[in-house]
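Here is how the chains run, residue by residue.
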Amino acid sequence: MQLNNEFMIQLYRTMLMIRRFEEKALDLKARQIIPGLLHLYIGEEAVATGMCAALRRDDYISSTHRGHGHCIAKGGDISLMMAELLGREKGYCRGKGGSMHIADIDLGILGANGVVAAGMPISGGAALSIKMRGKDQVVACFFGDGGSNQGAFHESLNMAALWKLPVIYVCENNQYAISVAQSRSCSIRDIYLRKDAYEIEGCMVDGNDVLAVYQAAKETVDRARRGEGPTLIECKTYRWRGHYEGEADRTYTYRTKQEIEEWIDRCPIKRFQKVLLDQGVVSQVGLNQIEQEIQSDLQKAMEFAQNCPFPEPQDALKDLYYEE
Amino acid sequence: MREITFVEAVNEALHEEMARDERVYIFGEDVRVGYGKGGPFGATNGLATRFGPERVIDTPISESAIAGTSVGAALWGMRPVAEIMFSDFLALAMDHIVNSAAKMRYAYAGEATVPVVFRMACGAGVGAALHHSQSPEAWITNVPGLKVVMPSTPADAKGLLKSAIRDDNPVVFFEHKFLYSRLREPVPEGEHLIPLGKADVKRSGEDLTIIAYGAMLQQAMRAADLLNQEGVKVEVLDPRTLVPLDRETILQSVKKTGKVIIVHEAPTFGGFGGEIAALIAEEAFYSLDAPIKRVGAPFTPVPASPILEKFYLPNAEKIVKAAKEIME
Ligand SMILES: Cc1ncc(C[n+]2csc(CCOP(=O)(O)OP(=O)(O)O)c2C)c(N)n1
Ligand SMILES: [Mg+2]
């Protein structure tokens, strides 16, 4: 696949932005500036980035409890995200949702979700609406290895297959659901093989290789747009941090230090950096400049969020029902 | 008496019941290791090491099947203690709790028993937002065939959980996550059983009854202290079990004080407090010398930002305010 330099650099930029955004969030959480639950995507950036790069602005995504990466990759505003994490008035949910509920309806981001696999039928519904409205949009539905064991996964895939809905199911197989290794929760090793139960297309890709993810995404998005139905893509990847910030697991109760380190060595960003340098897409100076630009964007987002007031207490009562 | 936390009391009950009866087993997500301590809150700490992986089963993330599988095993001689990690996901497990567990004995004309406990962490106060903070007890108190328990203290948690596990009926057992590690109190060692369906007067008084359960008991006790400073003698009553409800103890207290405030963390509208209020209105109307008051959450989901969550949650000050409205 021949990709132009600008596009490749944009992939890099997105991955790095996700990483830096979450490193910032991690720091703020450790200092108890961010309240509530925070699930980080560090190490898995190539999945959201490669997938969303194949989408149009008017396509939809559904996300998970680990959703910052999806949101940024689909074009989410990091200022509004950061403000939401800090519980501020101008956050995406006006402070009502926090990390696990961020959505941007205008960008087709149907929302992070605190309920594992809840995005799956919602994606199917979005796809059904696309079909009913006669559009050529598609839906990318992100979910985890753990989520693939919910009834919602199986019910959704069956419906989508039956009605040839334009959904790309993206399994982010980071190999654990909290402490449970995938081998202890799934009866099969490769989750994408569940495609056969529904006679749909599917494939497995290296989830730490952004170009591989993009390539798979591009093909399946094109198929979905042509009305050829859903696809199940499994991206093998790894979560570097604890299940949520605060899960220290210092004694390595469910995975080994060695395993974590091996995966850190396969960092999707470092790997792609090397590709970019080797292919002469960008120089080291260019990379440094991107880093600086991202730092500066992040700094602006932080300033926006920190200068933003908290909501008024009574705002808790707003927006429950549609009112004229 | 030695003091332990709420979650340690839950854990102790599980240890004791598993040791006592080998039909008892644990079934849920991350119950073996969790975050290195047995479930996200440590409730199942040490069970896998002691009783082996056959009796402490990590399930896939499949709440509907966690509930349904437990019902099936309970029908045929086992005594599962199923764990739904957060009570918000009761919504996913609901079918088998409501349509299977609750109805089998009735449908099979008393021939079947379904001795299963569904434990789950409920409640707000930790900034966990809309999908990890609800108090859904009223979703299921309207389902005949279930027992519903919601302890407020470590000692009650231990005694009620042990009774729930020994009960031959399906029991839904709510544990408030805010209390888990924050509340440390004396808990009897060894055999300590509290019968389901018995309320407890946590503090006696003559002027006003406050009925509260779950994390709201702490707030009710604080409110009672505050009111006491102004000379109001408050009786604080904890139903502990919502189904079956200890009607007598509630009516007795209200007949004595003539005034009552009912407190729970769930939204007031449609909440279980309405059932208690109706009971009092029907059975003790002529003993009342002020309107029944309810203190609960507003009719919205639980918001994330601490400032919003604080506004949302009932607390001692809100209870005192309600008390002043009826104390003339
Ligand atoms: C229905 C439901 N059950 C349980 C949980 C608690 N929970 C949150 S994340 C998680 C593990 C999810 O694993 P996976 O789908 O692999 O996603 P990952 O966290 O690895 O990204 C669990 C059990 C939940 N949020 N929703
Ligand atoms: Mg996972």
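Here the structure is shown first, and the text comes after it.
These numbers were taken from a predicted model, which means no experiment stands behind them. In this convention, every chain numbers its residues from 1, walking through the sequence in written order. Key to labels: chains lettered from A, ligands numbered from 1, both in the order written. Under the rules for a predicted model, residues below a pLDDT of 70 receive no local features and side-chain atom pairs below 80 are neither given nor counted, while totals for whole chains, interfaces and linings still include all residues. Only hydrogens and water are set aside; all other atoms, that is, all heavy atoms of the structure, feed into the side-chain values.

1. Quick word on the overall build of chain B
In terms of regular secondary structure, chain B is built from 12 helices and 14 strands. Against the 2.2 N^0.38 benchmark of 20 Å for 328 residues, chain B shows a C-alpha radius of gyration of 19 Å, consistent with a compact globule. On the principal axes, the C-alpha backbone points of chain B span a range of 60 × 45 × 40 Å. Within the span of chain B, comprising 328 residues, buried residues form 62% of the whole. Residues count as neighbours in contact if any of their non-hydrogen atoms are within 4.5 Å of one another. At a minimum sequence separation of 6, the contacts of chain B that also span at least 24 residues come to 82%. Using the Shrake-Rupley algorithm and a 1.4 Å probe, accessible areas are obtained, with residue cover drawn only from the displayed protein chains. For chain B, the exposed area adds up to about 12100 Å²; of that, 53% sits on carbon and sulfur atoms. A run of DSSP states H or I qualifies as a helix once it reaches four residues; a run of E qualifies as a strand once it reaches two. Both are numbered from the N-terminal end. Between the two quantities, the radius of gyration covers C-alpha atoms and the globule rule is 2.2 Å times the number of residues to the power 0.38. Relative accessibility decides the category of a residue: with a 1.4 Å probe and only protein chains considered, values under 20% of the type maximum give buried, values over 50% give exposed, and everything between is partly exposed.

2. Some thoughts on the packing of helix α8 (residues 216–229) of chain B against helix α12 (residues 316–326) of chain B
Residues and elements named next belong to chain B. Across the interface, α8 lies against α12 with an axial gap of 8 Å and an inter-helix angle of 55°. Relative to α12, the element α8 lies oblique. For the pair α8 and α12, the sense of crossing is right-handed. Counting all contacts with α8, which are made through Q219, A220, R222, A223, L226 and L227, the residues of α12 involved are A316, E317, I319, V320 and A323. Within the contact of α8 with α12, the residues separate by chemical class into eight nonpolar, one polar and two charged. Axis lines are fitted through C-alpha atoms, for helices just across the contact stretch, and the angle between N-to-C directions can take any value from 0 to 180 degrees. Any angle from 65 to 115 degrees is called roughly perpendicular, while one under 35 is roughly parallel, one over 145 is roughly antiparallel, and all others are oblique. Here is the rule for handedness: rotate from the far helix to the near one, and if that takes an anticlockwise turn smaller than a right angle the crossing is left-handed, while a clockwise turn gives right-handed. Classification convention: Asp, Glu, Lys, Arg as charged; Ala, Val, Leu, Ile, Met, Phe, Trp, Tyr, Cys, Pro as nonpolar; all other residues, Gly among them, as polar.

3. Some points on the coordination of the magnesium ion (ligand 2)
All names here are of chain A. We call an atom a donor if it is N, O or S and sits within 2.8 Å of the metal, or 3.2 Å for Na, K and Ca. Water is not counted, so some sites may look partial. Around the magnesium ion (ligand 2), the donor atoms from the protein are D145 (OD), N174 (OD1) and Y176 (O), and they sit 2.0 to 2.1 Å away. Mapped onto the polypeptide sequence, the residues donating to the magnesium ion (ligand 2) form the spacing pattern D-x28-N-x1-Y. With D145 in the loop between β2 (139–144) and α6 (151–162) and Y176 in strand β4 (residues 176–177), this pair connects stretches of sequence that are 31 residues apart. Accessibility expressed as a relative area gives 1% for D145, which makes it buried. Classification of Y176 as buried rests on a relative accessible area of 10%.

4. Notes on the packing of helix α1 (residues 6–20) of chain B against helix α7 (residues 154–166) of chain B
Residue and element names in this part refer to chain B. The interhelical angle for the contact between α1 and α7, taken along N-to-C directions, is 30°, at an axis separation of 8 Å. Considering the angle they form, α1 stands roughly parallel to α7. As for the relative orientation of α1 and α7, their crossing is right-handed in sense. Contacts between α1 and α7 involve F6, A9, V10, E12, A13, L14, E16, E17 and R20 from the first element and P154, A157, K158, L161, K162, I165 and R166 from the second. Looking at the contact of α1 with α7 residue by residue, the classes come out as nine nonpolar, no polar and seven charged.

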